[in-house]
Amino acid sequence: MADKVGIILSLPREVHSTTQNAGDDDWVRVTSTDGFSFLVKRKVAVKSGTLKSMLDEDMKFAEAAHKTCTTDNRSVVTEKFLEYIAWKATYENAPPKEEIPDFFERIPPEVALELCASLYISI
């Protein structure tokens, strides 16, 4: 059975960082328990502490070698989590006067509890 592919998440605008690694423009695959895969830029994925550890080449995890991480969540929750870390990466260095859209308006009520639990354990 072929992999199901979800949306490809990237940053809507360039994220400026003072410490960019050579691999920051790499893409990584995040896979949900129901088989959906999401391609995400590494600089977005590392906003999650757990994904950052999994992708750290110094830690010698297989996920770092294969650039693929598997979550313990359904695709709808994984997608919203990845959208959240992309939103976070986009707006974390925003100037104080910039209007930042409310992320929580994007969360359907039927996945809110699962998403909260996922954020609590930091996927």
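Taking an unreviewed UniProt entry as the reference, the protein is identified by name as POZ domain-containing protein belonging to Auriscalpium vulgare.

Draft legend 1. Structural view of the nonpolar core. Among the nonpolar cores identified, the biggest contains 22 residues, and Val40, Ala45, Leu51, Phe81, Leu82 and Ile85 are the most heavily contacted of them. Of all elements in the fold, only strand E2 (27-31), strand E3 (36-41), helix H1 (42-45), helix H2 (49-55), helix H4 (75-91) and helix H5 (109-120) reach the threshold of two or more residues within this core. Top element by residues in this core is H4. It accounts for 7 residues.

Draft legend 2. Quick look at the packing of aromatic side chains. For the structure on display, the rule yields 5 aromatic pairs. Look at Tyr84 and Phe103: their rings are 5.4 Å apart centre to centre, the planes differ by 65°, and that puts the pair in the edge-to-face class. Of this pair, Tyr84 sits in helix H4 while Phe103 sits in the loop between H4 and H5, and the two are 19 residues apart along the sequence. Taking the centre distance of 5.7 Å and the plane angle of 45° together, the rings of Trp87 and Phe103 count as tilted. Here the residue Trp87 occupies a position in helix H4, and Phe103 occupies one in the loop between H4 and H5, the gap between them amounting to 16 residues. The structure contains a cluster of three or more aromatic residues connected by ring pairs, namely Tyr84, Trp87, Tyr91, Phe103 and Phe104.

Draft legend 3. Structural detail: the pattern of salt bridges. Within this structure, the stated rule accounts for 4 salt bridges. Across the pair Lys47 and Glu92 runs a salt bridge, and its minimum N-O distance is 2.5 Å. Of this pair, Lys47 sits in the loop between H1 and H2 while Glu92 is found in the loop between H4 and H5, placing the two residues 45 residues apart along the sequence.

Draft legend 4. Seen up close, the side chain of Ser75. Here Ser75 lies in helix H4. In this view, Ser75 contacts Ser32, Asp34, Phe36 and Phe38; residues no more than four positions away in its chain are not counted.

Basis of the calculations
- Residues numbered from 1 in each chain as written.
- Predicted model: local features only at pLDDT ≥ 70, side-chain atom pairs only at ≥ 80, totals over all residues.
- Heavy atoms only, no water.
- Core = buried A, V, L, I, M, F, W, Y, C linked by side-chain atoms within 4.5 Å.
- Buried < 20%, exposed > 50% of the residue type's maximum accessible area, 1.4 Å probe, protein only.
- Helix = DSSP H or I, 4+ residues; strand = E, 2+ residues; numbered from the N terminus.
- Phe/Tyr/Trp six-rings, centres within 6.5 Å; stacked < 30°, edge-to-face > 60°.
- Salt bridge = Lys/Arg side-chain N within 4 Å of Asp/Glu carboxyl O.
- Contact = heavy atoms within 4.5 Å.

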